[in-house]
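Coordinates in review
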Amino acid sequence: MLSLIKHNFKTLTSYIEKILVGFLFLVFIITLIMVFLRYALNQSITGANEIVTILFIYTTAIGAAVSIGKNEHIGIDVFVNILPSRFHKTIRILQIVLLFTLHLILFIYCLQWVDKAGGYLMPATGLPRLVATVSIPIGCILCILYCIKRLIDVIETSSVEKRSIRYGCSPI
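Since this is a predicted model, take the numbers as computed values, not measurements. (Residues numbered from 1 in each chain as written. Predicted model: local features only at pLDDT ≥ 70, side-chain atom pairs only at ≥ 80, totals over all residues. Heavy atoms only, no water.)

This next bit is on the overall build of the protein chain. Looking only at helices and strands, one finds six helices and zero strands in the protein chain. Element order for the protein chain, N to C, with α for helix and β for strand: α-α-α-α-α-α. Residues classed as buried in the protein chain amount to 30% of the 172 residues present. The long-range share in the protein chain, meaning contacts at least 24 apart out of those at least 6 apart in sequence, stands at 70%. Entry remark: accessible area of the protein chain is about 11600 Å², with carbon and sulfur atoms responsible for 70%. (Helix = DSSP H or I, 4+ residues; strand = E, 2+ residues; numbered from the N terminus. Buried < 20%, exposed > 50% of the residue type's maximum accessible area, 1.4 Å probe, protein only. Contact = heavy atoms within 4.5 Å. Areas by Shrake-Rupley, 256 points an atom, 1.4 Å probe, with all protein chains shown as cover.)

This next bit is on the nonpolar core. Core analysis: the largest hydrophobic core is formed by 18 residues, its most contacted members being Ile 16, Ile 62, Ile 68 and Tyr 146. Going through the elements one at a time, α1 (2-40), α2 (48-69), α4 (88-117) and α6 (135-166) are the ones with two or more residues in this core. Considering every element that reaches this core, the biggest residue donor is α2, with six residues. When neighbours within four sequence positions are excluded, Tyr 146 is seen to be in contact with Phe 9, Leu 12, Thr 13, Ile 16, Ala 65, Val 66, Ile 68 and Gly 69. Among the nonpolar cores identified, the runner-up in size contains six residues, and Val 27, Ile 30, Met 34 and Ala 48 belong to it. (Core = buried A, V, L, I, M, F, W, Y, C linked by side-chain atoms within 4.5 Å.)

Our focus in this paragraph is the packing of aromatic side chains. For the structure on display, the rule yields two aromatic pairs. Aromatic side chains Phe 9 and Tyr 146 sit 5.3 Å apart centroid to centroid with 55° between the ring planes, which places their arrangement in the tilted category. Highlighted residues: Phe 9 in helix α1 and Tyr 146 in helix α6, separated in sequence by 137 residues. Side by side, Phe 9 and Tyr 146 carry an identical accessibility label, which is buried. Taking the centre distance of 6.3 Å and the plane angle of 75° together, the rings of Phe 23 and Tyr 58 count as edge-to-face. Of the two residues, Phe 23 is situated in helix α1 and Tyr 58 in helix α2; the sequence distance between them amounts to 35 residues. The exposure class assigned to Tyr 58 is buried, which follows from its relative accessible area of 14%. (Phe/Tyr/Trp six-rings, centres within 6.5 Å; stacked < 30°, edge-to-face > 60°.)

In this section: unusual backbone geometry. For Asn 42, which is not glycine, the phi dihedral falls at a positive 55°. With respect to the helices, strands and loops of the structure, Asn 42 is situated in the loop between α1 and α2. One non-glycine residue, Asn 71, lies in the positive phi region at around 60°. Inspection of the secondary structure assignment puts Asn 71 in the loop between α2 and α3 (78-82). For Asn 71, a relative accessible area of 43% puts it in the partly exposed group.

Counted according to the given criterion, the structure contains zero disulfides. Note on Cys 147: no disulfide assigned, nearest cysteine sulfur contributed by Cys 143 at a separation of 6.5 Å. (Disulfide = S-S within 2.5 Å.)

Following this line, the structure appears as structure tokens:
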């Protein structure tokens, strides 16, 4: 069961990373075109700034989730490294639970915000703000799922280490 979950998360992460690369590529290309048009031809594309901003927001919200899943999120482990190693598992679990709680609370509050702000139209593109604001709940849901995956990883890794120590093997 756990191997199936891990495989599905690897597949999901692979697809998400490809989408993020596409978004960042579009941000780069659109920005390059906007700079060329502005400084070389004294022209601009209506709504291009909004499109770049929306793509960047999605990249940030979804990229945060992927970084949690890969255990590459921002963290300060100076204090953790000072503590004896027997506390590391507990601290890792506490970190994951705090990240989970943060994103759960953010998800609950952002639904109200999306409901209030999502109905207005963006001035340049005419798209509803919902297109941009829905990125936050999507990112929160993905962060919550990746927190659950990381929690499973930490618990499973600790179990493997305990079994290895019990039987005199080196941990994997």
